[in-house]
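Residues per chain, in single letters:
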Amino acid sequence: MKFNKSLFFFLAVAPVFLKAQMIPQLNAAEIKQGLDGLNVVGSVLYMAAHPDDENTRLLAYLAKEKKVRTGYLSLTRGDGGQNLIGNEQAELLGLIRTQELLAARRMDGAEQFFTRANDFGFSKNPEESFKIWGKEQILADAVWVIRKFRPDVIITRFPEDARAGHGHHSGSAILAREAFVAAADPRRFPEQLKYLKPWQAKRILWNTFNFGGNNTTAADQLKLDIGLYNNLLGKGYGEIAAESRSNHRSQGFGSARQRGPALEYFSPVAGEAAKSDLFEGIDLSWNRIKGADGLTQLIQKTADDYQVSNPAKSLPQLLKVLTALENVKDEYWKAEKTEKVKQLIVAAAGLWFESYAPQAQYAVNAQIPVTAQVLMRKGTNVALTNVSPLQAPLEAAIPAEGKLLSFEGKISSDKLSQPYWLAEKHPLGTYTINDPLLVGNPENPEPLSATFTFTIEGKAIEFKRPIVYKYTDQVRGELYEPLVIAPPVTASLSEKAFLFKIAESKTISTKLKSFKDDAKGVLEPQVPTGWKVVPQKVEFNIARKGDEQTQEFTITPDKNAAGGTLSMHVLVDGQTYDKGLRVVAYEHIPVQTLFPAAEARLDQVDLKMTGKHIAYIAGAGDLVPESLKQIGYDVTSLTDLQVINTDLSGYDAIVTGVRLYNVNDQIKYMQPKLMKYVENGGTLLVQYNVNTPLKIDNIGPYPFKLSRDRTTEEDALVTVLQPQNPVLNYPNKITAKDFDGWIQERGLYFLTDIDSHYTPVLSMHDQGDAERNGSLIVTNYGKGRYVYTGISFFRQLPAGVPGAYRLFVNLISAQK
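The following paragraphs examine the structure supplied in this document. Since this is a predicted model, take the numbers as computed values, not measurements.

Criteria and thresholds
- Residues numbered from 1 in each chain as written.
- Predicted model: local features only at pLDDT ≥ 70, side-chain atom pairs only at ≥ 80, totals over all residues.
- Heavy atoms only, no water.
- Helix = DSSP H or I, 4+ residues; strand = E, 2+ residues; numbered from the N terminus.
- Rg over C-alpha atoms; globule rule 2.2 N^0.38 Å.
- Buried < 20%, exposed > 50% of the residue type's maximum accessible area, 1.4 Å probe, protein only.
- Areas by Shrake-Rupley, 256 points an atom, 1.4 Å probe, with all protein chains shown as cover.
- Lys, Arg positive; Asp, Glu negative; His and termini not counted.
- Charge placed at Lys NZ, Arg CZ, Asp CG, Glu CD.
- Pairing = 2+ DSSP bridges.
- Axes fitted to C-alpha atoms, helices over the stretch in contact; angles between N-to-C directions.
- Core = buried A, V, L, I, M, F, W, Y, C linked by side-chain atoms within 4.5 Å.
- Contact = heavy atoms within 4.5 Å.

Brief notes about the overall build of the protein
Secondary structure assignment for the protein yields 16 helices and 46 strands. Scaling as 2.2 N^0.38, a compact globule of 816 residues should have a C-alpha radius of gyration of about 28 Å, and the protein matches this with 29 Å. Dimensions of the protein, computed from the C-alpha atoms along their principal axes, are close to 90 × 70 × 55 Å. Scored against the burial criterion, the 816 residues of the protein give a buried share of 55%. For the protein, the exposed surface amounts to about 34,400 Å²; the carbon and sulfur share of it is 49%. Looking at the protein, you have 92 positive and 91 negative side-chain charges, and the mean spots of the two groups are 2 Å apart.

And the structure:
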């Protein structure tokens, strides 16, 4: 971070009280809760595989009732799942779920950690997961988190065997057990010992469960009633857990509040077994820490003397606690409890301070105007002595007078605000993280910040606040967004992959966006060998920051040209940039901005098409409509009312989005219209749904059942069951080659108990599994064709998989 030495500064006083803050203030009850937790010196780490795997009720109980430092290590960010609120997939979905987890942790009181493992989709066994992840690397990350977090107890969500129901789940349990041992062994991952020390947890347990028809609890297991009520917070831990879990909106995990007794069961895995309590045999007091003499009594007196109606009265005692912590020899607990005490001091004093910019986005090295504001409550022994880097030290300390103080200055940054795990290209199984100190962090650890120095009860204390963008929305009120440092100009392509017919020319658009005024430069596309682009480069001039321009290029492959990568290079101010722009915005999480590589896959394929007009009925969200448009279809997205009230006969085919029958209550009214459309000669293609909850019982004209069967190996052998079936022959002849180059999985939630009116077309299976013929069925119904498929076209088409396009086109092409 760099800051302007010739800063301008002013001090303004105004009777303004803001109703929202970037960092929430603790209320009086939460301060008391925090005070009681200062004398608890212990920690617990929960481990599983994905966002939503964690037991939020247990986390809330541990953090807020037992008051131990509580963490959740999710091996992945949930990148490979399905999205119920939009069309983001893969890394973008991982971004959403990362923020949903952080929102959940803010409610249940735990902390969040990750390894570099990528959720590559469903895995049927841990061996497959370890092969794709690279077991040793993910184990090293887990050991790093354990050595850094230093848990006394480790708890896993899943067993190590098939009862876990997912290879990632069982793999997380295996890694937890092995990390429990390896973290204590200095011979394991010795490179970490430059920064951390070996750590031996007391025990590791499995938090057994009874859900999904699988009861793994037993009467002889350690059990705890965690359905308690917290008088200070006015909620039970089942209620807090529901609020926490309901943040997983992209997974549709809104949860009902649970009240009353709730037993949790635990089975020993390794270490010293416990009979009656998770922390049995562990001293959770300051007696375990050198240099903490007298600290217990000092903290207890502070808590006993605390007045809910006058938290500021505790400031002198809190400052004594803060000073006493300086003598603690254990640097881990010294740092952890010092930060907690500082938070309590801010809350008890009613201190309010923040730093913000007037815009959300700035180019690298641009001057960023920053306002810092401070409010010190009248009557407190608090004074402001410095706001850095916005100004030189104050000539004299400013005492607390109950007035709003404002300071202004400028800073700049030469570092893109890119999520650290997405900064580099990565293989299928893991993200590339070059800085070992970043491992485990849920997001970038050091945003641009301002440092505020106060003298409180005669002691100088520093606090940091990130510089954010603050604005007021007419509907939602005062809001905060992360400050974004961007390239001067980004170049964004509309698709991740472009598919060309043989030797076909196609016009591709690139959207330029400027993050500075008067942006002049050159945009130059780079194409693979055997591909031509016209023009070879274009000059641009964007007058104002925030403005956009669209540049078009005509790209043509030679007849025999192989596929490759199209990349966009932007030359601005003597430097070359190669980043696009993607913004993920939902009201329940902070706005997420990233700068992916400005590139796309180019491929050509022998593709024949019939029909032109396709109707699409959106489900939970996917990118199939955009994929169909780019190969030449005229795609109309229909609303519920349009399906019900308009004539559908003009469409050559209708396609339903993924999980439509799970998420749209209006499907009960649309379904008769869709069946009549097929009966009258139309083609209806229904993409995958899950078996529960379904909005209607009968998805097709004849019965079938949805199962959880799937084929997760993207290169699994596909067997043709009906070689002469029209969907494999018209207008494209489907061959084994069309199943090459697929990504993540073949398909999911296949059908079983299929009525004899349907024709299963394909069979596929993972290694060691039985053949599954429920991935694709067709039937003639009336004059038309009904198709149901669990094939993951929603992944394959946006990725530009040629054979998937050829098969999909066949499915929506009626042979005349």
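After that view, the rundown keeps rolling.
Considerations on the sheet that holds strand β26 (residues 506–514)
In any sheet, the strands associate via hydrogen bonds between backbone groups, in a parallel or an antiparallel arrangement. Reading across the sheet, the four strands line up as β24-β26-β30-β28 and stay open at both edges, with antiparallel pairing between neighbours. Strands at the two margins of the open sheet, each flanked by one partner only, are β24 (489–493) and β28 (531–534). On average, each strand axis in the sheet is tilted by 30 degrees relative to the strand beside it, whichever way the strands run.

Looking at unusual backbone geometry
In the segment running from S388 into P389, the intervening peptide bond is cis, with an omega of 5 degrees. For P389, the position within the fold is in the loop between β17 (382–388) and β18 (398–399). In this chain, V534 is followed by P535 through a cis amide linkage whose omega measures -5 degrees. On the secondary structure map, P535 appears in the loop between β28 and β29 (538–542). In the Ramachandran plot, F189 falls in the positive-phi region, its phi being about 50 degrees despite a non-glycine side chain.

Observations regarding the sheet that holds strand β45 (residues 776–781)
Within the open sheet, the seven strands sit side by side as β37-β36-β38-β39-β46-β45-β43. Their pairing is mixed. Looking at which strands have only one partner, the edges of the open sheet turn out to be β37 (634–637) and β43 (759–760).

Concerning the pairing of strand β38 (residues 653–656)
Burial along β38 is two-sided: the face carrying A653 and V655 and the face carrying I654 and T656 are both buried. Across four bridges, strand β36 (residues 613–617) lies against β38 in parallel orientation. Its bridge partner being in β38, I614 is matched across the sheet by A653. Two elements, β38 and strand β39 (residues 683–686), share three bridges in a ladder whose sense is parallel. Bridge assignment links T656 to a residue of β39, and that residue is V686.

Comments concerning the nonpolar core
If you look at the biggest cluster of nonpolar residues, it comprises 128 residues, and the most contacted ones within it are W286, M376, L384 and F454. With near-sequence residues (within four places) excluded, M376 lies in contact with L351, V382, A383, L384, I398, P399, A400, E401, G402, K403, L405 and F454. With 70 residues, the next largest nonpolar core counts M670, V678, L797 and V801 among its residues.

Any link to function would need more than the numbers given here.
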